[in-house]
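Structural overview
Read off the chains here:
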Amino acid sequence: MNRNLVRILGSGLCVGYARFVPGTFGTLWGVLLAVLFPGGPWLAFALAGVFVLGLPLARLAEQADSLHDPKWFVLDEVAGYLLTVCWVPLLSGRDALSWPLILVGFVAFRIFDWTKPWPIRRIEEIPEGWGVMLDDLMAAIYAAPVVLVSMRWLD
């Protein structure tokens, strides 16, 4: 695959090149997808699509920079955010996420992705692009219960 195309797609159409907090800007793509694809099955479908695209691109991004988990690669954040919030419509029976839950999911996911509690940092070390993608999915597994508990008060 063309190296420039890897960079454009992997950086979330270049938001991964933001000077500050590129992962946070990348997560905003996940928010946009959650708004565009409301409902649990649609969010799960979007998550699967981002993961299927992101895994080979993560491997190619690592090869392109000879660096593990390049900061500009943000599809992992998109997938992580989608996993964080895709449970809400499925468990609540609603067709879409409310804005307060979108925000709680955003903040919770960013905190767990940034702090990387055990075993996220270990998962991140897995080679061939897998660690790049899976560590954010693990952060989502930590963040999702925060969102689900918040449903009681915010939805």
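Our subject in this report is the structure included herewith. (Residues numbered from 1 in each chain as written. Predicted model: local features only at pLDDT ≥ 70, side-chain atom pairs only at ≥ 80, totals over all residues. Heavy atoms only, no water.)

Digging into the pattern of salt bridges
We count it as follows: The term salt bridge refers to a side-chain nitrogen of Lys or Arg lying within 4 Å of a carboxyl oxygen of Asp or Glu. Strands here are runs of E lasting at least two residues and helices are runs of H or I lasting at least four, both read from the DSSP assignment and numbered beginning at the N terminus. Only protein chains enter the accessibility calculation, which uses a 1.4 Å probe; a residue is then buried when its area is under 20% of its type maximum, exposed when over 50%, and partly exposed in between.
Under the definition given, this model contains four salt bridges. The partner of Asp 113 in a salt bridge is Arg 110, with the nearest N and O atoms 2.7 Å apart. Taken as a pair, Asp 113 and Arg 110 lie in helix H6 (residues 99–115) at a separation of three residues, close to a single helical turn. In this pair, the class of Asp 113 matches that of Arg 110, namely buried. When the shortest N-O distance is used, the salt bridge between Lys 116 and Asp 135 registers 3.1 Å. Here Asp 135 lies in helix H8 (residues 130–154) and Lys 116 lies in the loop between H6 and helix H7 (120–124), a separation of 19 residues in the sequence. Residue Asp 135 is classed as buried on the basis of its relative accessible area, which comes to 0%. Among the charged side chains, a network of salt bridges with common partners joins Arg 110, Asp 113, Lys 116, Glu 124 and Asp 135.

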